[in-house]
Amino acid sequence: MYELYFRKFNEKVALTPEEEALVKSYLTPKKLRKKQYLLQEGDVCKYIAFVEKGALRSYSIAENGQEQIIQFAIEGWTISDLYSFLTGEPATYTIDAVEDAELLLISKSAHEELLKKLPKYETYMRLQVTGAYLALQKRVTAASLSPEERYARFQELYPDLVQRFPQHMIAAHMGLTPETLSRARRKMKSK
């Protein structure tokens, strides 16, 4: 259950077996069934979740009832409502499983303790947050592109997501209606 977590961790920051054991002692395994919630909007986010297996999404519902998907997470990725996790304020996002999932959770208190005890954990988390910020910046920049260009970029950056998530969810992530995404895909195929 911990293999992928430590493989990804060690790709960024090498841990000794003793350090791995320390980090492992702070992680809590959790399984979610498809459509089961990890977090609901309005609750305080108590965990950062690492996906060992499965797929999740983080989203909010607009006033018009439209889903706005903020983030996808598949094997090797983390997901959380980081603002709520860090501040203790109610979450603005809901996180649920799109497929059955196996997760490793770290609580706020465990996270804070590890930051103090293990400088390598702090380095790893800094690299994770930096990567997330860069991905967010790419996404914001892509918002000015045409639907065809946005979808082409999404396919290029995340080919696994295109295969794993339904088109209506990908459209909601890109800020498009399913119909607009469908037209864009048809236009791309005709070229």
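Please refer to the structure placed before this passage.
Residues numbered from 1 in each chain as written. Predicted model: local features only at pLDDT ≥ 70, side-chain atom pairs only at ≥ 80, totals over all residues. Heavy atoms only, no water.

A. How the structure looks around the overall build of the protein. Within the protein one finds 9 helices and 8 strands. A globule of 191 residues ought to have a C-alpha radius of gyration of about 16 Å, and the protein, at 18 Å, matches this closely. Each principal axis of the C-alpha distribution contributes one length, and for the protein these read about 55 × 35 × 30 Å. When the 191 residues of the protein are sorted by exposure, 38% land in the buried category. Counting contacts in the protein only where the partners sit at least 6 residues apart, residues at least 24 apart contribute 70% of the total. (Helix = DSSP H or I, 4+ residues; strand = E, 2+ residues; numbered from the N terminus. Rg over C-alpha atoms; globule rule 2.2 N^0.38 Å. Buried < 20%, exposed > 50% of the residue type's maximum accessible area, 1.4 Å probe, protein only. Contact = heavy atoms within 4.5 Å.)

B. Local environment of the sheet that holds strand E4 (residues 56-61). Read across the open sheet, the 4 strands follow the order E2-E7-E4-E5; overall the sheet is antiparallel. Bordering the open sheet on either side are strand E2 (37-39) and strand E5 (67-73), each of which pairs with just one other strand. Across the sheet, the mean angle separating the axes of adjacent strands is 30° when strand polarity is ignored. (Pairing = 2+ DSSP bridges. Axes fitted to C-alpha atoms, helices over the stretch in contact; angles between N-to-C directions.)

C. Structural view of the environment of Leu105. Counting through the fold element by element, Leu105 comes out in strand E8 (residues 101-107). Separated by 77 residues in the primary sequence, Leu105 and Thr28 have C-alpha atoms spaced 5.0 Å apart. Ignoring any residue separated from it by four or fewer positions in sequence, one finds Leu105 in contact with Tyr26, Leu27, Thr28, Lys30, Leu38, Tyr47, Ile48 and Ala49.

D. Structural detail: the sheet that holds strand E6 (residues 78-79). Pairing is antiparallel in the open sheet, where 4 strands are placed in the order E1-E8-E3-E6. Each having just a single partner strand, strand E1 (28-32) and E6 make up the two edges of the open sheet. Here 5 bridges tie E1 to E8, and the two strands are oriented antiparallel to one another. In the sheet register, Thr28 faces E8, and the bridge partner there is Leu105. Taken strand by strand, helix H1 (residues 3-12) contacts strand E3 (47-53) and E8, and its axis lies near 105° from that of E3. Its contacts with the sheet place helix H4 (residues 108-117) against E3 and E8, and it is angled at close to 65° to E8.

E. Spotlight on the pattern of salt bridges. Summed over all chains, the structure comprises 9 salt bridges. The shortest N-O distance in the salt bridge between Lys120 and Glu19 comes to 3.0 Å. Of the two residues, Lys120 sits in helix H5 (residues 119-142) while Glu19 sits in helix H2 (residues 17-25), which places them 101 residues apart along the sequence. Given a relative accessible area of 27%, Lys120 falls into the partly exposed group. A relative accessible area of 18% means that Glu19 is categorised as buried. (Salt bridge = Lys/Arg side-chain N within 4 Å of Asp/Glu carboxyl O.)

F. Representation of the nonpolar core. Ranked by internal contacts, the top residues of the largest apolar core, which has 35 residues, are Tyr5, Val23, Leu27, Leu56, Leu103, Ile106 and Tyr121. Counting only elements with at least two residues in this core, the list comes to H1, E3, strand E7 (94-97), E8, H4 and H5. The dominant element in this core, judged by the number of residues it contributes, is E8, at 5 residues. If sequence neighbours within four positions are ignored, Leu27 has contacts with Tyr2, Tyr5, Phe6, Leu104, Leu105 and Ile106. (Core = buried A, V, L, I, M, F, W, Y, C linked by side-chain atoms within 4.5 Å.)

G. Up close: the packing of H1 against H2. Packing of H1 against H2 leaves a shortest axis separation of 12 Å and a crossing angle of 125°. With respect to H2, the element H1 is oriented oblique. Read as a crossing pair, H1 and H2 show a hand that is right-handed. The segment H1 lies against H2, with Tyr5, Phe6 and Asn10 engaging Glu20, Val23 and Lys24. Residues belonging to the contact of H1 with H2 are distributed by class as follows: 3 nonpolar, 1 polar and 2 charged. (Parallel < 35°, antiparallel > 145°, perpendicular 65-115°, else oblique. Left-handed = near helix turned anticlockwise from the far one by under 90°. Nonpolar A, V, L, I, M, F, W, Y, C, P; charged D, E, K, R; others polar.)

H. Representation of a nonpolar patch on the surface in the model. Together, Tyr133, Leu134, Leu136 and Val140 make up an exposed nonpolar region whose accessible area comes to about 420 Å². Note on placement: Val140 falls in helix H5. (Patch = residues over 30% accessible without salt bridge, like charges linked within 9 Å, V, L, I, M, F, W, Y side chains within 5 Å. Areas by Shrake-Rupley, 256 points an atom, 1.4 Å probe, with all protein chains shown as cover.)

So, to be careful, I would describe these as geometric facts and stop short of saying anything about function.
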